[in-house]
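Architecture at a glance
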Amino acid sequence: MERLGAHGEASLAFAVQIPSPQSALEPAGRDAERIASLFPILFGGGAAIWLVVMGLTVYAVVLRDRRHQRDRTRRWVVGGGAFATTALLGLLLVRGLSAMPELLDPGAPGGPKIRVSGEQWWWRVRYELPDGASFELANELWLPRGRRMPLLLESPDVIHSFWLPSLGGKIDVIPGRVNRLGLEPTRTGTFTGVCAEYCGLSHARMLFHVVVVEPPAFEAWLAAQRADARAPAAVLAQRGHLLFQQHGCGACHAVRGTAARGAVGPDLTHVGGRVSVAAGTVANDVAGFEEWLARTEALKPGVHMPSFHMLSSEERNALATWLDGLQ
Ligand code: HEC
Ligand SMILES: [Cu+2]
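Because the structure is predicted, anything quoted here is derived from the model rather than measured.

Looking at the overall build of the protein chain
- When helices and strands are counted, the protein chain shows nine helices and 12 strands.
- Its C-alpha radius of gyration of 25 Å places the protein chain more than 25% over the 20 Å reference for a compact globule of 327 residues.
- Seen through its principal axes, the protein chain has C-alpha atoms that stretch 95 × 45 × 40 Å.
- Per-residue burial over the protein chain gives 44% buried out of 327 residues.
- Counting contacts in the protein chain only where the partners sit at least 6 residues apart, residues at least 24 apart contribute 63% of the total.
- Total accessible area on the protein chain stands at roughly 16400 Å², and carbon and sulfur atoms take up 63% of it.

Printed below as a string of structure tokens:
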């Protein structure tokens, strides 16, 4: 639902010029600005090539039947059609490639490093802090405005592609390799990205959010994320935590500060505070968590989490209340 909402907004924004959370033509980062500045150049170059080729075609057709003109026609077609287009394409290639080194610049060392792992069908995000501490979350990155941050991208299963058009380029995420990308946001806000390389059944359910805030808010977020999960105070949430233990959720999920240490699925320590659940599949509220537990496989075909439809609706409600409270 959340996902459809996000897409609806994007297309509406295109029509009425509301800032869009996912557009390469409304850059909110240094790298996206560079890419957007290539657009008129590449478009103009492409238009020039089209005009040259069409002009020559018309010229050749008009002169086709005049025997004495044949040699001149051939010269124009070969010289203009082959040489001019190759030269123009060459210039465009050089202009495009010259932006690459800047896009790959990881920024100054010493700050947090962000590891992003594309997995079927979600994004594992790991922050490694300069003091050696680290924490994990899923389908969400927070970045400080005005500071360049290095991303290291990898995958344990198949090829995915990390595409965040508002902030930077698109980069493939390839098993057995670590790809690097720098991101330097210039505007605050919440932006969305997707997987741009078909990777299996739920490829289209791999949305992620990037939240850009001012540096002090970023530091506060880091401090909150590295803290352990809060113990539930209300009886219903305590019952939810108990059900989580009884149903073996901890075999796949970690919740820091509890006995759950699984590493197959997302770390749930602060899941209630994320923008969406299961990579944009359901909204992040009690109803969203209930729906996720009741219809996991239907919502996300092929998902590597079993549906827990054997739970009663009271049990689902208790679990969802506990998850929602993990802020
Ligand atoms: C066999 C491993 C496995 C078990 C058992 C399991 N999960 Fe999951 N879970 C996953 C995986 C994998 C995902 C990621 C799914 C996706 O988005 O593609 C996930 C996603 C989730 C999410 C969304 C997390 C996020 O950051 O968006 C929640 C919430 C969740 N599981 C709760 C539970 C609960 C509660 C239980 C027990 C009743 C449970 N899971 C049992 C593997 C498991
Ligand atoms: Cu994909």
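Concerning the pattern of salt bridges
- All told, the structure shown has 17 salt bridges when counted by the stated rule.
- Its salt-bridge partner being aspartate 31, residue arginine 148 comes within 2.8 Å of it at the nearest N-O pair. Residue arginine 148 is located in the loop between β4 (140-144) and β5 (149-154), and its partner aspartate 31 is located in helix α2 (residues 30-63); the two are separated by 117 residues in the primary sequence.
- A relative accessible area of 11% places arginine 148 in the buried class.
- A salt bridge links glutamate 128 to arginine 115; the shortest N-O distance between them is 3.0 Å. Placement of glutamate 128 in strand β2 (residues 122-128) and of arginine 115 in strand β1 (residues 113-119) is noted, with a sequence separation of 13 residues between them.

Considering the sheet that holds β5
- Reading across from one edge, β3-β2-β1-β5-β8 is the order of the five strands in this open sheet, with mixed pairing throughout. The strands lining the two open edges of the sheet, one partner per strand, are β3 (134-138) and β8 (179-183). Going from strand to strand, the sheet's axes swing by 25° on average, the running direction of each strand aside.
- In this sheet, β2 lies alongside β1 in antiparallel orientation, the contact comprising seven bridges. By the bridge assignment, isoleucine 114 is partnered in β2 with tyrosine 127.
- Of the strands in this sheet, β2, β3 and β5 are in contact with helix α5 (residues 215-226), which crosses β3 at around 95°.

Side note on the packing of aromatic side chains
- Per the stated rule, a full pass over the model turns up 10 aromatic pairs.
- Considering the side-chain rings of tyrosine 127 and phenylalanine 135, the 5.2 Å spacing of their centres and the 10° angle between planes classify their relative orientation as stacked. Of the two residues, tyrosine 127 and phenylalanine 135, neither departs from the other in class, the shared state being buried.
- Three or more aromatic residues link up through ring pairs in this structure, and these residues are Tyr127, Phe135, Trp142, Phe218 and Trp221.
- A cation over a ring is seen here: lysine 170 above tryptophan 163, with NZ or CZ 4.9 Å from the ring centre.

Concerning the pairing of strand β7 (residues 170-173)
- Judged by which residues are buried, β7 turns out to be one-sided: Ile171 and Val173 face inward and are buried, whereas Lys170 and Asp172, on the alternate face, are not.
- Where strand β6 (residues 160-163) lies against β7, four bridges are found, and the strand directions are antiparallel. Within β7, the residue paired with tryptophan 163 across the bridge is lysine 170.

Looking at a nonpolar patch on the surface
- Together, Trp50, Leu51, Val53 and Met54 make up a nonpolar patch on the protein surface, roughly 400 Å² of accessible area in all.
- Given a relative accessible area of 55%, leucine 51 falls into the exposed group.

Re the environment of proline 27
- Tracing the backbone through its elements, the reader meets proline 27 in the loop between α1 (2-16) and α2.
- Setting aside residues no more than four positions away along its own chain, proline 27 makes contact with Ala32, Glu33, Ala36, Ser166 and Arg187.

Examining helix α7 (residues 286-294)
- Looking only at α7, the buried set comprises Gly288, Phe289, Trp292 and Leu293. Buried residues of α7 fall within an arc of 130° about the axis and therefore sit on the same side.
- Tucked inside the fold, the buried residues of α7 contact β11 (276-277), β12 (282-283), α8 (296-299) and α9 (313-325).

Let's talk about the domain arrangement of the protein chain
- When cut into domains, the protein chain gives domain 1 (36-103), domain 2 (104-226) and domain 3 (235-325).
- When each unit is reduced to the centre of its C-alpha atoms, the spacing between domain 2 and domain 3 is 23 Å.
- Contacts between the two partners involve 21 residues from domain 2, matched on the other side by 21 residues from domain 3.
- With both sides pooled, the region where domain 2 packs onto domain 3 buries about 1600 Å², and carbon together with sulfur makes up 51% of that total.
- Connecting domain 2 to domain 3 are zero salt bridges.
- Taken together, the connections running from domain 2 to domain 3 amount to 12 residue pairs in polar contact (both at pLDDT 80 or more).
- Listing elements by their share of the side of domain 2 that touches domain 3, those giving two or more residues are β2, β3, β10 (208-213) and α5.
- With four residues, β3 is the single largest residue contributor to the side of domain 2 that touches domain 3.
- Considered class by class, the residues forming the side of domain 2 that touches domain 3 number 10 nonpolar, five polar and six charged.

About the thresholds
- Residues numbered from 1 in each chain as written.
- Chains lettered and ligands numbered in written order.
- Predicted model: local features only at pLDDT ≥ 70, side-chain atom pairs only at ≥ 80, totals over all residues.
- Heavy atoms only, no water.
- Helix = DSSP H or I, 4+ residues; strand = E, 2+ residues; numbered from the N terminus.
- Rg over C-alpha atoms; globule rule 2.2 N^0.38 Å.
- Buried < 20%, exposed > 50% of the residue type's maximum accessible area, 1.4 Å probe, protein only.
- Contact = heavy atoms within 4.5 Å.
- Areas by Shrake-Rupley, 256 points an atom, 1.4 Å probe, with all protein chains shown as cover.
- Salt bridge = Lys/Arg side-chain N within 4 Å of Asp/Glu carboxyl O.
- Pairing = 2+ DSSP bridges.
- Axes fitted to C-alpha atoms, helices over the stretch in contact; angles between N-to-C directions.
- Phe/Tyr/Trp six-rings, centres within 6.5 Å; stacked < 30°, edge-to-face > 60°.
- Lys NZ or Arg CZ within 6 Å of the ring centre and 35° of its normal.
- Patch = residues over 30% accessible without salt bridge, like charges linked within 9 Å, V, L, I, M, F, W, Y side chains within 5 Å.
- Arc of directions from axis to C-beta.
- Domains from an automatic or database assignment.
- Buried area = accessible area lost by both parts, 1.4 Å probe.
- Polar contact = N/O pair within 3.5 Å; in protein donor to acceptor, adjacent residues only side chain to side chain.
- Nonpolar A, V, L, I, M, F, W, Y, C, P; charged D, E, K, R; others polar.

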